[in-house]
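Summary of structural features
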Amino acid sequence: MNDVVSASAPGRVNLIGEHTDYNGGMVLPAALNIGLEVSLIPRSDSAVAVSSDGYDAPAIRDVADDAVGGWSDPCVGAIREANRLGLLDAGVTLDLVSSIPAGSGLSSSAALIVAILKAARTYAGADLTDIDIAIAARRVENDYMGVPCGIMDQMTVALASPGSAMALDTKRMEYALIPLPASHDMVVLHSGITRKLTDGRYAARKQECDAAKRFFGTEDLCLIEEETVRGSDLADVPKRRALHCVSENARVHSAIAALDAGDIGEFGAVMNESHASMRDLFEMSLPAIDALVNDAVQIGAVGARLTGGGFGGCIVACIAKEEREGWLGEVLSRHPDARFIDAVSGA
Ligand code: ADP
Ligand code: MG
């Protein structure tokens, strides 16, 4: 009997719209070429046995285990969710192969959980949609791993395909595919600094946003008028977080309009404004990342910004295709810790 089922999911880069997805706002992520592949073999006992090319020793856990802060937590959480959904009824053996750097803002965790759930769906022959899978994958991060993330990562890696960005309205759960420009590459560079979203800084920002939501009596921080936020008596820190959310949401709309109009200069300008807002208002950047972003633009990118949850990880820069090679050489020579990860563009 051959019970092996496989599934894959890509990494993703968020082009613009950071920390808007749990505040009722818009995001604009795109699937990357790098990705993760899972092979799953159901077991008759309750063990979750995981080998991964990213980690030396396999992990042996139990499907009943709570999260322990270890690398196999997303796997155990995904299998528990698969059991809850009736896709599996015991433990599994998992084998993972990935080209997505973990802890770098490119959604390795969501890709991992979505791929496991898709493999379990195939095994069960269930008719869950990819949106159902994305919602279940978010539950694993929120409820099992304790990462209070929005729905962007899971929706992107469950549904997106290369060549387009996904303009996702996280309040309405509606999306449109926006073709990426063919003339420019969206280049992903790793800063050399990794981080864990479970380390508390992401959760701290979420709590500051929650304080602003309570003050204004809304779940949809991104949808408040900027003047209302500016003129309010909200304390300084949550006010700056709210101003980032409101202005970032407006920038996602501007970025979509710029791509639709083929105005790459405007698209780059809003990327730069987004980075300044993440640095100054949301305070989720680091000096080394600011320097990388500044140099990327100074050396010729039309725009660049930190991408992902923040406090390390990757930047994304928009650069004309014919300039990319020379630009990349110069950026990496100024930033020896940085490295090229991937690039996406339209056909
Ligand atoms: P990101 O999603 O931005 O990459 P996270 O901190 O959310 O960063 O998720 C990283 C976690 O995902 C890792 O700590 C590990 O638990 C899991 N993970 C990612 N890639 C792999 C892999 N190849 N094998 C096993 N676990 C992985
Ligand atoms: Mg993640």
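Residues numbered from 1 in each chain as written. Chains lettered and ligands numbered in written order. Predicted model: local features only at pLDDT ≥ 70, side-chain atom pairs only at ≥ 80, totals over all residues. Heavy atoms only, no water.

Here we look at the site of ligand 1
As a structural note, the neighbourhood of ligand 1 is formed by 18 residues, with S52, W71, G103, S108 and S109 the closest of them. Between ligand 1 and G105 there is a distance of 3.0 Å, counted from an oxygen atom to a backbone nitrogen or oxygen. Take S109: an N or O atom from its side chain is 3.0 Å from an oxygen atom of ligand 1. For ligand 1, the protein covers 92% of the area, taking 560 Å² as the surface of the free molecule. Elements with a contribution of two residues or more to the shell around ligand 1: β6 (92-98) and α2 (108-124). The leading source of residues in the shell around ligand 1 is α2, at three residues. The class makeup of the residues in the shell around ligand 1 is nine nonpolar, eight polar and one charged. (Near = heavy atom within 4 Å. Polar contact = N/O pair within 3.5 Å; in protein donor to acceptor, adjacent residues only side chain to side chain. Areas by Shrake-Rupley, 256 points an atom, 1.4 Å probe, with all protein chains shown as cover. Helix = DSSP H or I, 4+ residues; strand = E, 2+ residues; numbered from the N terminus. Nonpolar A, V, L, I, M, F, W, Y, C, P; charged D, E, K, R; others polar.)

Thoughts on the packing of α2 against helix α4 (residues 152-159)
Orientation of α2 relative to α4, taken along the N-to-C sense of each, is 50 degrees, at an axis distance of 9 Å. When the axes of α2 and α4 are compared, the pair comes out oblique. The handedness of the crossing between α2 and α4 comes out as right-handed. Only D153, Q154, V157 and A158 of α4 make contact with α2, whose side of the interface consists of A110, A111, V114 and K118. Residues of the contact of α2 with α4, tallied by class, amount to five nonpolar, one polar and two charged. (Axes fitted to C-alpha atoms, helices over the stretch in contact; angles between N-to-C directions. Parallel < 35°, antiparallel > 145°, perpendicular 65-115°, else oblique. Left-handed = near helix turned anticlockwise from the far one by under 90°. Contact = heavy atoms within 4.5 Å.)

Here we look at the side chain of H275
Its place among the elements puts H275 in helix α8 (residues 264-280). Within the local environment of H275, its side chain forms a polar contact with the side chain of D290, the two groups lying 2.9 Å apart. Setting aside residues up to four positions removed in sequence, H275 forms contacts with S285, I289, D290, V293, A304, R305 and L306.

Quick notes on unusual backbone geometry
Positive phi, normally seen in glycine, also occurs at S107, with a value near 65 degrees. Tracing the backbone shows S107 in the loop between β6 and α2. For S107, a relative accessible area of 6% translates into the label buried. (Buried < 20%, exposed > 50% of the residue type's maximum accessible area, 1.4 Å probe, protein only.)

Side note on the packing of helix α1 (residues 73-84) against α2
The interhelical angle for the contact between α1 and α2, taken along N-to-C directions, is 35 degrees, at an axis separation of 9 Å. By crossing handedness, the relation of α1 to α2 is classed as right-handed. Contacts between α1 and α2 involve P74, C75, A78, I79, E81 and A82 from the former and L112, I113, I116, L117 and A120 from the latter. Among the residues forming the contact of α1 with α2, the class breakdown is ten nonpolar, no polar and one charged.

Brief notes about the packing of aromatic side chains
Tallying each qualifying case throughout the model produces three aromatic pairs. Geometrically, the ring pair formed by Y55 and W71 is stacked, given 4.3 Å between the ring centres and 5 degrees between the ring planes. Taken as a pair, Y55 in the loop between β4 (47-52) and β5 (59-62) and W71 in the loop between β5 and α1 lie far apart in primary sequence, 16 residues in all. Accessibility expressed as a relative area gives 36% for Y55, which makes it partly exposed. (Phe/Tyr/Trp six-rings, centres within 6.5 Å; stacked < 30°, edge-to-face > 60°.)

Some points on helix α5 (residues 201-216)
For α5, built from 16 residues, the straight-helix expectation of 22 Å at 1.5 Å per residue is met to within 8% by its first-to-last C-alpha distance of 23 Å. Taken together, the buried positions of α5 are occupied by Y202, R205, K206, E208, C209, A212 and K213. One face of α5 carries all of its buried residues, which in axial projection span an arc of 160 degrees. Facing away from the buried surface of α5 by more than 90 degrees, the exposed residues are Q207 and R214. Where α5 is buried, its residues meet α7 (236-261). Where α5 ends, the next residue or the one after it, G217, has phi of about 65 degrees, a positive value. (Expected span 1.5 Å × (residues − 1). Arc of directions from axis to C-beta.)

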